[in-house]
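Residues per chain, in single letters:
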Amino acid sequence: MWMEQLQTGRKAALMELTPTWAEAARSPDAWPLPWGRTAQHPSLLNTCMNASCKTSWLRLWRRRNVPRFEGQWACSQECMRVLIEQAVERELGDGTPLEPKKHKHRIPLGLLMLSQGWITQEQLRKALEAQREAGGKARIGAWLMRQAGLSEEQVTRALSMQWGCPVLSLTGHQPEAVSTLIPRILLDTYGMVPLRNGSSRLAYLAFEDRMDSTVALAVERMSGIHIESGVVTASQFMRVHERMMGAAFPKTQLMEVKSSSMVAREIAAVIERVRPHQTKLVRMHRYFWLRLWRTPAPALSVSGSQAGPRGLVPRIHQVEDVLIRLQPED
Ligand SMILES: [Zn+2]
């Protein structure tokens, strides 16, 4: 009886000394685990996604599940750095310029309206002259409204023809419902406002006067939502843009760097500090937009076309954004 109690007691003490998988998982940093990279169930084993990873299974830098970068786990800070550098290279290599193009191949708006019979050659000539005298201030559409009595709707319609995109309706626009789609700085820089109906997997980007497919594609890749671009009248845009700017946005950090290697370095530093559950990088002209999920994130795909069912618009406190503006020295 007494021996039995002693044995039971020793057994309990022994069990306390031996970490079980469950105990190790509860306190990830408490137990050094020389036999593997992770204490997780074997089916959830993390594999370093750096193809040139040199870390041996016995020389562990640290056992951890976060941070994750674009769905990938890395075994060390060095390996994470390689993944980030590859992503920065991928974003730079897509061929889109740092500055939006001037789109010289588009039919000029004035000529388009002339061809529609909305204005005469004389009206167009006078409007162009006034625009030139004013030093290019105000767009040709504005001059034609002033001088030739065109309506704002006609100018917007001409814009939609010029860009081959629809005229969007702003009825029921809820700034708070779309403020996690795109950082405020980017909305302001590229003159756009996001619109969305309910929880559909489709959102619209209303542009002020020039559509930017590069920008729309970046938003699509980041959100996993299909984005359709269009134009709205100038006065509608001003109204809705102002309301949008008054909305609450996710926390955003802005920095400026001079080279792409510095972009990668900054991203690596942010990822080490925030240790996000998920991270994704897209480029919008000279802005590298890094989104960090502070809570377990939905499945992401690099192409953005297969975001999971919850991968729609995140809630404001789930994410934070880092914008790294690349401004190379001449
Ligand atoms: Zn590695």
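Check the entry above for the structure.
These figures come from a predicted structure and were not determined experimentally.

**Student:** Run through the coordination of the zinc ion, naming residues and quoting values.
**Tutor:** Taken together, Cys48 (SG), Cys53 (SG), Cys75 (SG) and Cys79 (SG) make up the full set of protein donors to the zinc ion, lying 2.3 Å away. Taken together, the 4 donor atoms coordinating the zinc ion span angles of 105 to 114 degrees at the metal, a pattern that classifies the geometry as tetrahedral. All donors to the zinc ion come from one chain, and their sequence spacing reads C-x4-C-x21-C-x3-C. Highlighted residues: Cys53 in the loop between helix 2 (21-26) and helix 3 (77-92) and Cys79 in helix 3, separated in sequence by 26 residues. Classification of Cys53 by relative accessible area gives partly exposed; the value is 22%. In this structure Cys79 comes out as buried when scored by relative accessible area, which is 4%.

**Student:** Any chance you could break down the environment of Gln327 for me, citing the residues and the numbers?
**Tutor:** With respect to the secondary-structure elements, Gln327 resides in the segment after strand 7 (319-326). Those residues in contact with Gln327, other than ones at most four positions away along the chain, are Glu256, Val257, Lys258 and Arg286. Here the side chain of Gln327 touches Arg325 through a polar contact of 2.5 Å, side chain to side chain.

**Student:** Break down the packing of aromatic side chains for me, citing the residues and quoting the values.
**Tutor:** Here the structure, examined in full by the defined rule, presents 1 aromatic pair. Ring plane angle 90 degrees and centroid distance 6.3 Å describe the contact between Tyr190 and Tyr287, whose orientation is recorded as edge-to-face. On the criterion of sequence distance, the pair formed by Tyr190 in the loop between helix 9 (184-189) and strand 1 (192-196) and Tyr287 in strand 6 (residues 287-293) is long-range, its members being 97 residues apart. Accessibility expressed as a relative area gives 12% for Tyr190, which makes it buried. Above the ring of Trp143, the side-chain terminus of Arg146 is found at 4.4 Å from the ring centroid.

**Student:** Run through the pattern of salt bridges, naming residues and quoting values.
**Tutor:** For the coordinates displayed, the defined rule picks out 12 salt bridges. Put simply, Arg325 and Glu256 hold a salt bridge, and the shortest N to O gap is 3.3 Å. Here the residue Arg325 occupies a position in strand 7, and Glu256 occupies one in strand 4 (residues 252-257), the gap between them amounting to 69 residues. Between Arg294 and Glu320 there is a salt bridge whose closest N-O contact spans 2.8 Å. With a gap of 26 residues between them, Arg294 in the loop between strand 6 and strand 7 and Glu320 in strand 7 connect regions that are remote in the sequence. Glu320 sits in the buried class, given a relative accessible area of 6%. Among the charged side chains, a network of salt bridges with common partners joins Glu70, Arg90, Glu91 and Arg221.

Quick notes on the rules
- Residues numbered from 1 in each chain as written.
- Predicted model: local features only at pLDDT ≥ 70, side-chain atom pairs only at ≥ 80, totals over all residues.
- Heavy atoms only, no water.
- Donors = N, O, S within 2.8 Å, 3.2 Å for Na, K, Ca; no water.
- Tetrahedral: all angles 85-135°; square planar, octahedral: opposite > 155°, others 65-115°.
- Helix = DSSP H or I, 4+ residues; strand = E, 2+ residues; numbered from the N terminus.
- Buried < 20%, exposed > 50% of the residue type's maximum accessible area, 1.4 Å probe, protein only.
- Contact = heavy atoms within 4.5 Å.
- Polar contact = N/O pair within 3.5 Å; in protein donor to acceptor, adjacent residues only side chain to side chain.
- Phe/Tyr/Trp six-rings, centres within 6.5 Å; stacked < 30°, edge-to-face > 60°.
- Lys NZ or Arg CZ within 6 Å of the ring centre and 35° of its normal.
- Salt bridge = Lys/Arg side-chain N within 4 Å of Asp/Glu carboxyl O.

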